[in-house]
Every structure is written in structure tokens, then in C-alpha cells.
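Secondary and tertiary structure notes
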Amino acid sequence: PAAAGRFWHVTDLHWDPDYDAAAGAGQVCPSGGSRAVPAAGPWGSYLCDAPWRLLASAARAMRGRLQRPDFVLWTGDDTPHIPNEKLGEEKVLHIIENLTSLIKETFPDTKVYAAMGNHDFHPKNQFPGKEHRIYNRTAELWRPWLNDASVPLFRAGAFYSEKLPSPRTRGRMVVLNTNLYYDQNDETAGEEDPGGQFQWLEETLTNASRADEMVYIVGHVPPGFFEKKRGKPWFRSGFNERYLKIVQKHHRVIAAQFFGHHHTDSFRMFYSDTGSPINVMFLAPGVTPWKTTLPGVNNGANNPGIRVIDYDPDTLQVLDMVTYYLNLTHANMMALTQNEEFPTWEEEYRLTEAFQVHDGSARSMQTVLERISKDPRYLQQYYEFNSVSYDLTPCEEACRIDHVCAIREVDFTKYNECVKTSSSASAVISGWLLLFCLLLGLLRPQQAL
């Protein structure tokens with residue numbers, strides 16, 4: 001096989017331009033909302049979106065770790081978690097422009113495949129399936145990365161597809177605007193195929209198959225469920241079903257899928273009707289450490305993460321993934337004591353080593369899933385990586401069910417069945433254990449007091 005290629009995947013930068021570590025606890029960052037932010041440091045806080053210093057540090061780490069990637073995937077969400085009233089169209093575009101410049105300066109001669117996130121719009125989430133000023137302006141900002149055929153497509157719906165730059169690969173990148181399917185998007189609620197994107201995707205995959213190309217699918221909001229909140233999907237159910245059917249039908253040309261939005265590190269499995277693993281979606285951790293305010297999520301912050309993917313240029317097979325991270329607590333502490341100018345982004349883990357698999361194929365990732373679901377040591381390791389080594393508490397049975405069912409079942413009905421059967425199975429096991437202990441207590445000869 002050809003020498004492995006490598007590329008970056010970075011997502012959910014969520015810059016908070018008004019972050020101020022020196023301010024009083026209630027004024028550190030607008031993205032903290034009404035939460036007091038006691039321990040804010042120069043590199044950020046778990047209660048806030050990313051200060052510029054953190055984003056510049058991530059860019060510097062990317063250049064230091066892999067200066068000449070084949071390309072970069074950047075899957076959106078640039079603006080802070082603040083109300084629409086505090087943003088506005090110009091401010092959103094200003095933020096997208098600044099982050100675009102940061103990535104261009106970091107990788108001046110590199111192709112970047114950029115997707116819009118649900119926060120890269122005003123009002124947030126309200127992406128239309130037709131031409132819009134924000135699409136036009138963003139297409140201009142990303143013009144150096146888009147080829148001529150991609151520009152009109154992007155203007156019309158913020159999706160596009162291009163052949164990979166390397167002459168030695170028969171690969172194609174398909175960049176989607178899955179914000180069109182988000183259940184918070186009122187613009188597209190009643191539509192069957194917003195922007196005609198589903199039909200376009202099917203045609204693109206059919207053409208790729210005829211041209212003997214393999215495809216990476218890239219986007220921001222993923223289908224399926226959020227592993228940190230039971231029963232929390234992002235897509236409207238009809239859109240979720242349609243996406244799933246397209247992957248099942250065209251899985252032979254899809255080498256892998258790369259998405260963001262969760263800020264956590266996880267993956268999703270896709271199966272044939274007979275239950276064979278046919279595809280995998282990798283969800284990359286975010287750069288923002290922001291602790292989610294989604295009700296029902298327990299301690300949903302993360303350390304900032306960035307990721308390199310090793311792949312086979314001939315087949316686009318994912319060979320390995322290395323995730324690098326910044327231990328935010330440690331970085332802020334070092335800044336206080338040693339005035340460290342540039343904190344170190346460390347290697348968190350390498351996929352094949354951590355989970356003892358050959359590569360990142362659907363078959364290997366099925367093995368990873370089986371290990372996570374059956375072996376408590378692998379489960380705990382996966383759980384710690386899920387928050388980029390931020391939440392080190394034990395992942396108990398309810399937690400195991402949430403993660404395993406979210407990874408295994410992207411389909412709404414099957415996910416609900418998975419949660420129900422797993423929960424009742426664990427309840428039965430607990431019941432038997434309790435009974436066993438009680439019987440043991442009754443059978444043991446009574447100790448004299």
C-alpha cells in the first residue's frame with residue numbers, strides 16, 4: 001500500500017471574544033451565562049467558550065505536530081454560546097472571518113474542507129434550504145478553499161463536494177449542511193428535502209461509485225443520539241431515517257464520516273439489514289472547554305482536543321487516529337506559577353493502541369464497541385476519552401447503557417429498544433444479585449451476638 005496520508009480534524013472552536021480572565025467571577029465571559037466563573041485562567045475556563053489565546057495555542061499545536069497535512073477538516077461552530085440578541089449577522093460573520101484567517105495563517109498552502117455549524121448563522125440554527133446572505137459571505141471567506149463548481153452550490157445551500165487534492169488518491173470529500181436537519185431549525189421543519197441536499201447526496205455517491213472513487217462525508221450536526229443525555233437526538237426523525245437509509249444504500253463508497261457538535265469524543269456505527277457493521281462516523285472532540293447547559297447532562301465540560309487521522313490514500317481506509325489535548329487545569333496552573341508562554345498539547349491516545357485494534361474500519365470499530373460494552377476497563381477508558389480526560393468519575397451501568405446504545409443505534413426506534421432492553425436486563429441482574437445476597441445472609445449460620 002502507498003505511504004499513509006494524514007489530515008487534521010478540528011471542530012467546535014466557539015470563540016468568546018469577550019473572555020476576560022481578570023474580570024470578577026460574574027463577568028469573565030458572556031458564554032458562561034449566569035454562572036459564576038471562579039477559576040478562570042489565561043487559557044480558558046470550563047464554564048466558558050474559548051478565549052483567543054486558547055484557539056491560537058491550538059493552531060500552534062497543530063502546526064507543531066503536523067505542519068503539512070494532506071488537508072484539514074474543520075466542522076464548524078465558531079461563535080460563543082450567547083443569546084441571539086447579543087450577536088447579530090455582522091458579529092457572526094466577523095467571528096467566522098477571524099477563525100478562517102487563523103486557520104489560513106496556520107496552514108497557508110493546505111486545502112481546508114470547512115462545514116458550517118449550527119452556531120455559524122443568525123439567528124442560530126435557522127439555516128434555510130435556499131440562497132442566503134450568510135451563505136454568500138461565507139463562500140467569499142472560504143473562496144480560496146473552494147473550487148469553481150463548489151461556489152454556486154455553497155451559496156445555494158452551504159454544501160459541496162470535491163475531489164481530494166492528492167494526485168495519488170481516487171478520493172472525494174462530501175461536505176454537508178446537516179443544520180438543515182436540526183430539530184431546532186424552524187426554517188426547514190415542514191420540508192421533505194431541504195435545499196435538495198439528500199437528492200444531491202445520493203447523486204454524488206452514485207457518481208462516485210461509477211467513477212470508482214471512495215468518499216469521506218463531513219458535517220457538523222450528526223444523526224443519532226447524544227451519548228451524554230438519554231433520548232436526546234438532534235435530527236428530526238424523518239431526516240434521521242433518510243440519512244440512515246442513504247448510508248445503508250451507498251455504504252460501499254463511503255470510507256468514513258467525520259462530524260462534530262457534541263464537543264465529546266465518540267463514534268457511531270452503521271449496520272446492514274442483517275446486522276453487519278458497514279460504516280462508521282467519528283465524532284471529534286471540541287476545542288472549546290464549555291460546560292454544556294443542556295438540562296440533564298451531568299458535568300458536561302471537556303478539555304480542548306484536536307485530532308490527526310492517518311489514512312490509506314488508495315482506499316481512504318482510516319488506519320489510525322491520534323487525539324491531542326490541552327489539560328486546561330494544568331495549563332492555567334503552570335501559567336500562574338511559571339508564566340509558561342505556550343502550554344503543551346499532549347498526545348491523549350492513539351486509537352489502535354488504546355483499544356487494541358488494527359485500524360479504524362467499521363469492523364475494527366465494532367470490536368471497539370464490543371470491548372466497551374463488555375469490559376469495564378475499556379468502558380472506563382472510553383468514558384475518560386469521551387470528555388478528553390476531564391471527567392474521570394466511574395461510568396456506572398446507566399452511563400454504560402447511554403454510551404453503548406448511542407454508539408450502536410443511530411435509528412430512533414432501535415435506540416429506544418436498546419435503552420429499554422439494556423435497562424431491564426440490568427434491573428433483572430441487580431434483582432437477582434440482591435436476592436442472592438439476601439439468601440446468603442439467611443443461609444449463613446447466625447453469629448452469636
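Predicted, not measured: the structure shown is a model, and the values here were computed from it. (Residues numbered from 1 in each chain as written. Predicted model: local features only at pLDDT ≥ 70, side-chain atom pairs only at ≥ 80, totals over all residues. Heavy atoms only, no water.)

**Considering the overall build of the chain**
Here is the rule: Helix and strand labels come from DSSP, where a helix needs a run of H or I of at least four residues and a strand needs a run of E of at least two; each type is numbered from the N terminus. Based on C-alpha atoms, the radius of gyration is set beside the globule rule, defined as 2.2 Å times the residue count to the power 0.38. The buried label goes to any residue with under 20% of its type's maximum accessible area, the exposed label to any with over 50%, and the partly exposed label to all in between, with areas taken from a 1.4 Å probe on protein chains only. In what follows, a contact means two residues having at least one pair of non-hydrogen atoms within 4.5 Å.
When helices and strands are tallied, the chain shows 12 helices and 12 strands. Relative to the globule expectation of 22 Å for 449 residues, the C-alpha radius of gyration of the chain, 22 Å, shows essentially globular dimensions. Principal-axis analysis of the C-alpha atoms gives the chain an extent of 85 × 55 × 45 Å. Looking at the chain as a whole, 59% of its 449 residues qualify as buried. Intrachain contacts of the chain at a sequence separation of at least 6 include 69% that bridge at least 24 residues.

**Brief notes about the packing of helix 3 (residues 133-141) against helix 4 (residues 150-157)**
For clarity, the threshold we go by: To define axes, lines are fitted to C-alpha atoms, for helices over the stretch in contact only, and angles between the resulting N-to-C directions are given on a 0 to 180 degree scale. Handedness of each helix crossing follows the sense of rotation of the near helix against the far helix: counterclockwise by less than a right angle gives left-handed, clockwise gives right-handed.
Relative orientation of the contacting elements helix 3 and helix 4 amounts to 145 degrees, with a least axis distance of 7 Å. The two elements helix 3 and helix 4 cross, and the hand of that crossing is right-handed. Contacts from Tyr135, Asn136, Thr138, Ala139 and Glu140 in helix 3 reach Phe154, Arg155, Ala156 and Gly157 in helix 4.

**Focus: the pattern of salt bridges**
Short version of the rule: By definition, a salt bridge exists where a carboxyl oxygen of Asp or Glu is found within 4 Å of a side-chain nitrogen of Lys or Arg.
Summed over the entire model, instances satisfying the criterion amount to 18 salt bridges. With a shortest N-O distance of 2.5 Å, Glu162 and Lys111 are connected by a salt bridge. Of this pair, Glu162 sits in strand 4 (residues 160-163) while Lys111 is found in strand 3 (residues 111-114), placing the two residues 51 residues apart along the sequence. One exposure class covers both Glu162 and Lys111, and it is buried. Salt-bridge contacts for Asp310 lead to Arg350; the nearest nitrogen and oxygen are separated by 3.6 Å. Note that Asp310 is positioned in strand 10 (residues 305-311) and Arg350 in strand 12 (residues 346-350), a separation of 40 residues in sequence. According to the relative accessible area criterion, Asp310 is buried, its value standing at 13%. Counted as one network, the salt bridges with shared partners bring together Arg6, Asp310, Asp320 and Arg350.

**Concerning the packing of aromatic side chains**
As a reminder of what qualifies: Pairing of aromatic rings covers Phe, Tyr and the six-membered ring of Trp, with a centre-to-centre limit of 6.5 Å; geometry is then stacked below 30 degrees between planes, edge-to-face above 60, and tilted otherwise. Look at NZ for Lys and CZ for Arg. If either is within 6 Å of the ring centre and within 35 degrees of the ring normal, a charge sits over the ring.
For the coordinates displayed, the defined rule picks out 35 aromatic pairs. Put simply, the rings of Phe7, Phe71, Tyr113, Tyr216, Phe258, Phe282 and Tyr311 pair up and form one aromatic cluster. The ring of Phe342 is capped by Arg60, whose NZ or CZ atom sits 3.6 Å from the centre of that ring. Of note, Lys104 hangs over the ring of Trp145, and the distance from its end group to the ring centre comes to 5.4 Å.

**Observations concerning the environment of Arg68**
Inspection of the secondary structure assignment puts Arg68 in the loop between helix 1 (52-65) and strand 2 (71-74). When the C-alpha atoms of Arg68 and Phe107 are compared, they prove to be 7.6 Å apart, with 39 residues separating the residues in sequence.

**Brief notes about the confidence of the model for the chain**
Going by this rule: pLDDT expresses, on a scale from 0 to 100, how confident the predictor is about each individual residue.
Residue-level pLDDT values for the chain average 94, and 94% of them are 70 or greater. No element of the chain has a lower mean pLDDT than helix 12 (residues 412-443), which averages 70, and none a higher one than strand 9 (residues 277-283), which averages 99.

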